[in-house]
Amino acid sequence: MSLKHDIEFTLNGVRRQASVRVDMSALDMLRDVVGLTGTKYGCGEGECGACTILVDGKSLNSCLLFAVDCNGRNIVTIEGLAADAKADALRAAFVEYGAVQCGYCTPGMVVQASHLLATHPQADADAIKRGIEGNLCRCTGYKKIVEAIASVNAADKQGARP
Amino acid sequence: MNGAEKKARFIAPDTLIGKRIPKMDAPEKASGKTRYIHDIDLPGQLYGKILRSTRVHALIKSIDTAAARALPGVHAVITAADIVNQRPIGVAKDHFPLKTDKVRSLRDEVAAVAAESEQIALEALKLIRVEYEDLPILTDPAEALKPGATLIHPEPRQPGGQDALKPSGPVAFTGKPDNVAMRFDYCHGDVVQAEAESDVVVEDTFKLHYVTHCCMGVSGMIADFDSSGNLIMYSNTQVPFLHKREFAEYLNMDPARIRIIQPAIGGGFGSKLDIYPFEVICVFLAQAAKRPVKLVFTREEEFISSPTRQPVLLTLRSGCKKDGTLTFRVVNTLHDNGAYTSWGATTPFVMMQTFSSLYRVPHCDYHTTAVYTNNPYAGSFRGYGNLQATFAVEAHMDKLAEAIGMDALDFRLKNAQAQGEVTGQGMEFDSCGFKECLDTAAERSDFRRKFAENLKNRNSSDPIKHGVGIASMLHVGGGAKIYPSDGCGTILKLDDFGQVTLITGASEIGQGSETVLSQLVCEELGLPMSALTVVNNDTAITPWDVGVHASRTTFIAGNSALGAARLAKAKVLAAAARKFECPASDLDLRGGHVIKAASGEALIDLPRLMRNLHFSDKAELVMTTFYYEPPSSYQDKRYKGNVSAAYAWASQVVEVEVDTETGIVKMTRITAAHDVGRVLNRLGIEGQIEGGVVMGQGYALTESLIIENGVTRNPNFRDYKLVTAPEIPEIDITFIETMDGEGPQGAKGVGEAPAICVAAATANAIYNATGVRIYGLPFTPERVYRALHGKGEKLVPLTAKAA
């Protein structure tokens, strides 16, 4: 019924191939073709951030990216952050600071936060709030999410001192 | 044993209560490993999709599914005509899952498809031809009440009780002579006399709007029949045991043959308390296709077809004496029921409590008429009518205080309920920290000083005005006696490694119930949190519970878990007493050991004792069960009674900046004081308050589901504005610990409380800033700007007769 396209890309550090419909989103490819379900569908319109992934180091809503446009790119999902020490500290902070309730927005939030800390290591609370502006959370009221991200940043700064 | 030769080890007392305990499921969730309904697939699974009405109110003249059925990959196409004995669902049993002869709202389900893929299912929907004949549209409840209005549910009942349109099936519609879905009438005292004796009387009309839950995880389920015909549902419901019973009745099945498994739930907030058409349709599809069927909403579908918070038009008349004593309240409300009846229609159960009992009101009259229209239908949503009621009550507390020249805080303190009071409605306040909440929120926010200062600055040249407002709330905090049982069961198992499995009927919907229940058990058994495993998501395993609603889980399931833990502790200590030949009362459990209660000396570690029991001749495994039923009662026919075993109280002070040139209201700070009985998990309860406050902020400032002529105009996050991170106010929380005598470790329920008074306090803050009171929500720049320029919406008061 619909055209398929063969693509090749790096997913969480592993080179792989996939055959995808031309109208398929990267989100659907990750969830339905690759079988990684940590990236969530929240709206399909780039409004909620639940499907945030990293593409060549940039954070993107995977629902707005065509799967075919993943060709040749380096994709990192929440599952791929398992090997990342900074992301590990973020996950631990989300747990410790109570930043998780229903948890549905959490993977996207963690991916976005890891990107934020990588690109804006000096981010203060206000900058963190702006940095996660595109990620909706209905449970927590964001306060503990901001505190969790800030704690990792503060620990980094301390650790960086001689 | 040679323990006597070893150096004695002493374990110091410690407690988990009040500590910051991380959520047990958080590590999995933060790693993306948690499986929600969307992440689960069964072998052989098909994908279900629903065809919804394209008309707001119309007769269905014909449905042609032939082309859809012929599409390759389609396994089943169903309409009402295909379902033998389709029954009505919902609170008033006025709702067929698949519509028979008529659609009554734009969300209505007309047909459904099960196919090999979602794409094929969507293709098939496009091939279904439906012929409609439009009927007059009713979207104003006041119009719907007028004599001669088009009837939404006019279907006549046949003499034999059958539906005239479906003689073989049970009756969905009772053939209503008017569009009234439900009425509620309550009174205590004599309001006429009380009004005559009042020095000041005020009356206003308030309009509360549509908002919706916006759970981040959209609705969905999987229905699967096993080879014996037993139904397994993977469901997001908040009420698995009620659901099981309803489905059994619905499908005419033995309830024993229905099993509900709850994967992790991406948010509830009351949205999953009723049985919905999509769930029944998913089961129909699985029956028809003889394959498992997964049916998951799109976000647009979630906005259009999920129930909303109850929109309310409300006229309140209140009075007081010059000395500040409240005299009476008369309330008339018009509830827009939408086309079908779900829990929204029953929000008066909660609303009337706020009018009759938040403050001491000697005389109170309350009337609600819930009216059918062709709008989306309203369900239950965190706070359950209390946001709407509190909005009106707290506006009048400010207005009456101003009218008699009394300080807003003093006026509230004078009329606030106190411990030991029994209200006109029969609510009994065994613990009540209301006045402490008022004092604390006011002091921590410097309310009095700021209030006076803002009044002075109202007429300054600065276009930015500052305002501060206070509002309070009363809500059930010890369950709510709505069903024959408001209880919860627990099974507790201690294994020979000292590991405990807590099997509870109470569902985890993100609120942290599994953590707080584990904490209560660990506290009782002197174990670390790591010793606990929770099973809480499978009706084939867990004992009965009435569901996650009414802020009841910590209180009810907590008492149940505590009861089972106490029984287990007694068993363990009795065994240890035999072993150490001392009275059990000399022993205690602490740090994973049996200890001497007096000295804290460790006698034996729990796993060893458990293995001793296991291998002894008088083998005894420690397994206990406990069922907790709260000491509350049904309301009588006049809505009087003590429906909850405890009540939660809160006061919140909201501070705003109002830009009078643009109408933009910025919420800068919220100071919240909550009587929660006792803090169990400080991290969890802060999270509940913060999340609730921001949900209340959305209700007050940004969120509005726009319904025009029955059409939902903004079914997406671009146009339906949830609060985002940069907009949140500073939040200051104080917990008032009143140690409720019935609560587990003294705790009361808190889940709904924080969302309830934000909008009310915000309205008062805007008034404090500008001198303009706004009677409708949300406080969008347009609404505020118009109100500031004397162009606010004029609302027609409801009279008892009109309502």
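Being a predicted model, the structure only gives us computed values, none of them experimental.

All names here are of chain B. Tracing the backbone through its elements, the reader meets Gly379 in the loop between β15 (363-372) and α10 (386-403). Residue Gly379 is classed as buried on the basis of its relative accessible area of 2%. In this structure, the C-alpha to C-alpha distance between Gly379 and Tyr340, residues 39 residues apart in sequence, is 9.9 Å. For Gly379, the contacting residues outside a window of four places in its chain are Pro307, Thr308, Gln310, Ser342, Trp343 and Gly344.

The subject of this paragraph is the nonpolar core. Counting 163 residues, the largest nonpolar core has Phe94(A), Ile149(A), Leu314(B), Phe355(B), Trp649(B), Phe717(B) and Phe779(B) as its most contacted members. Looking at this core element by element, the count peaks at 9 residues for α10(B). If you look at the next biggest cluster of nonpolar residues, it comprises 48 residues, including Leu517(B), Val534(B), Ala564(B) and Ala747(B).

Residue and element names in this part refer to chain B. Domain parsing of chain B yields domain 1 (26-33 + 487-628), domain 2 (39-176 + 220-265 + 272-303) and domain 3 (344-358 + 400-478 + 636-788). Computed over C-alpha atoms only, the centres of domain 1 and domain 3 are separated by 37 Å. Between domain 1 and domain 3, the contact holds 15 residues from the first and 20 residues from the second. For the pair domain 1 and domain 3, the two sides together bury roughly 1200 Å², of which 59% comes from carbon and sulfur. Inspection of the domain 1/domain 3 interface yields 0 salt bridges. Our enumeration of links across domain 1 and domain 3 arrives at 4 residue pairs in polar contact (both at pLDDT 80 or more). If you list the elements that add at least two residues to the side of domain 1 that touches domain 3, you get α14 (513-525) and α15 (553-580). Among the elements that take part in the side of domain 1 that touches domain 3, α15 stands out by supplying 6 residues, more than any other. Looking at side-chain class alone, the side of domain 1 that touches domain 3 contains 7 nonpolar, 7 polar and 1 charged residues.

Right, let's get into the packing of helix α11 (residues 408-415) of chain B against helix α12 (residues 434-445) of chain B. Residues and elements named next belong to chain B. The geometry of α11 relative to α12 is characterised by a closest axis approach of 9 Å and an angle of 165 degrees between their N-to-C directions. With respect to their mutual orientation, α11 and α12 come out roughly antiparallel. The hand of the α11/α12 crossing is left-handed. Seen from α11, the contacting residues are Leu409, Arg412 and Leu413; seen from α12, they are Lys435, Leu438, Asp439 and Ala442.

As a further point, take the packing of aromatic side chains. All names here are of chain B. One pass over the structure, following the stated rule, counts 19 aromatic pairs over all chains. Between Phe184 and Phe349, the aromatic rings sit 5.3 Å apart at their centres with planes inclined by 80 degrees, giving edge-to-face as the arrangement. Linking Phe184 in strand β7 (residues 180-188) with Phe349 in helix α9 (residues 348-357), this pair joins segments that are 165 residues apart in sequence. Owing to a relative accessible area of 35%, Phe349 belongs among the partly exposed residues under this scheme. Plain terms: the ring middles of Phe429 and Trp649 are 4.8 Å apart, the flat faces sit at 80 degrees to each other, and that makes the pair edge-to-face. Taken together, the positions of Phe429 in the loop between α11 and α12 and Trp649 in strand β24 (residues 647-659) put the pair 220 residues apart, joining distant regions of the chain. Here the two residues Phe429 and Trp649 agree in accessibility, since each one is buried. Aromatic rings pair up to connect Tyr359, Phe429, Phe434, Tyr647 and Trp649 into one cluster. For Arg458, the ring lying beneath its charged end belongs to Tyr767, and the centroid distance is 5.0 Å.

Residue and element names in this part refer to chain B. Judged by pairing direction, the sheet is mixed, and its 5 strands sit side by side in the order β7-β15-β14-β13-β8 without closing on themselves. Single-partner strands in this sheet number two, and they are β7 and β8 (200-208). With strand direction ignored, the average angle separating the axes of adjacent strands in the sheet is 5 degrees. Summarising the sheet, strand β13 (residues 312-320) and strand β14 (residues 326-338) pair through 9 bridges and their orientation is antiparallel. Counterpart to Leu313 in the pairing with β14 is Leu334. Strands β8, β13 and β14 of the sheet are contacted by α10, whose axis makes an angle of about 150 degrees with β8.

Residue and element names in this part refer to chain A. Spatial strand order, β2-β1-β5-β3-β4: 5 strands in an open sheet with mixed pairing. Edge positions in the sheet fall to β2 (14-21) and β4 (58-61), since each has one partner strand and no second. Put simply, the sheet's adjacent strands are angled 40 degrees from each other on average, direction ignored.

Glancing now at the pairing of β2(A). Residues and elements named next belong to chain A. Bridge analysis of strand β1 (residues 4-11) against β2 gives 8 bridges, and the strand direction is antiparallel. If you follow Ile7 over to β2, its bridge partner there is Ala18. Counting the residues between successive antiparallel strands, the hairpin from β1 to β2 contains 2 residues, one of them, Asn12, with a positive phi of roughly 50 degrees.

Residues and elements named next belong to chain B. The topology assignment puts Cys432 in the loop between α11 and α12. With 104 residues separating them in the primary sequence, Cys432 and Asn536 have C-alpha atoms 32 Å apart. Non-local contacts of Cys432, meaning those with residues more than four positions away in its chain, are made with Gln417, Ala418, Gln419, Trp649, Asp675, Thr738 and Lys748.

It is worth spelling out the pattern of salt bridges at this point. On inspection of all chains with the given rule, the structure shows 56 salt bridges over all chains. Residue Asp39(B) pairs with Lys40(A) through a salt bridge whose shortest N-O separation is 2.5 Å. Remark: Lys40(A) occurs in the loop between α1 (26-34) and β3 (52-55) and Asp39(B) occurs in the loop between α1 (26-30) and β1 (46-52); the pair is interchain, linking two chains. The same class applies to Asp39(B) and to Lys40(A), which are both buried. Where Glu109(B) meets Arg107(B), a salt bridge forms, and the shortest distance between an N and an O atom there is 2.5 Å. A relative accessible area of 1% means that Glu109(B) is categorised as buried. A single network of salt bridges, built from pairs that share partners, joins Arg52(B), Lys99(B), Arg107(B), Asp108(B), Glu109(B) and Glu301(B).

The next thing to look at is the packing of helix α6 (residues 240-251) of chain B against helix α7 (residues 277-289) of chain B. All names here are of chain B. Relative orientation of the contacting elements α6 and α7 amounts to 55 degrees, with a least axis distance of 12 Å. Comparing the axis directions of α6 and α7 gives the class oblique. Handedness of the crossing formed by α6 with α7: right-handed. Counting all contacts with α6, which are made through His243, Phe247, Tyr250 and Leu251, the residues of α7 involved are Glu279, Val280, Val283, Phe284 and Gln287. Each residue belonging to the contact of α6 with α7 can be placed in one class, and the counts come to 6 nonpolar, 2 polar and 1 charged.

By the secondary structure assignment, Arg138(A) is in the loop between α4 (125-131) and α5 (143-160). Taking the relative accessible area as the measure of exposure, Arg138(A) reaches 7% and is therefore buried. For Arg138(A), the side chain forms a polar contact with the main-chain oxygen of Thr212(B), separated by 3.1 Å. A distance of 2.7 Å separates polar atoms of two side chains, one belonging to Arg138(A) and the other to Glu703(B). For Arg138(A), the residues in contact, after removing those within four places along its chain, are Thr212(B), His213(B), Cys214(B), Met216(B), Phe269(B), Phe381(B), Met695(B), Glu703(B), Tyr720(B) and Leu722(B).

Another point: the interface of chain A and chain B. Across the contact, 41 residues belong to chain A and 52 residues belong to chain B. At the boundary of chain A with chain B, total buried surface from both sides reaches about 3800 Å², with 60% on carbon and sulfur atoms. On the chain A side of the contact with chain B, Gln101(A), Tyr104(A) and Arg138(A) bury the most area, a combined 21% of that side's loss. On inspection of chain A and its partner chain B, the count reaches 6 salt bridges. Joining chain A to chain B, the criterion identifies 21 residue pairs in polar contact (both at pLDDT 80 or more). Elements with a contribution of two residues or more to the side of chain A that touches chain B: α2 (85-96), α3 (106-119), α4 and α5 of chain A.

About the criteria used
Residues numbered from 1 in each chain as written. Chains lettered and ligands numbered in written order. Predicted model: local features only at pLDDT ≥ 70, side-chain atom pairs only at ≥ 80, totals over all residues. Heavy atoms only, no water. Helix = DSSP H or I, 4+ residues; strand = E, 2+ residues; numbered from the N terminus. Buried < 20%, exposed > 50% of the residue type's maximum accessible area, 1.4 Å probe, protein only. Contact = heavy atoms within 4.5 Å. Core = buried A, V, L, I, M, F, W, Y, C linked by side-chain atoms within 4.5 Å. Domains from an automatic or database assignment. Buried area = accessible area lost by both parts, 1.4 Å probe. Salt bridge = Lys/Arg side-chain N within 4 Å of Asp/Glu carboxyl O. Polar contact = N/O pair within 3.5 Å; in protein donor to acceptor, adjacent residues only side chain to side chain. Nonpolar A, V, L, I, M, F, W, Y, C, P; charged D, E, K, R; others polar. Axes fitted to C-alpha atoms, helices over the stretch in contact; angles between N-to-C directions. Parallel < 35°, antiparallel > 145°, perpendicular 65-115°, else oblique. Left-handed = near helix turned anticlockwise from the far one by under 90°. Phe/Tyr/Trp six-rings, centres within 6.5 Å; stacked < 30°, edge-to-face > 60°. Lys NZ or Arg CZ within 6 Å of the ring centre and 35° of its normal. Pairing = 2+ DSSP bridges.

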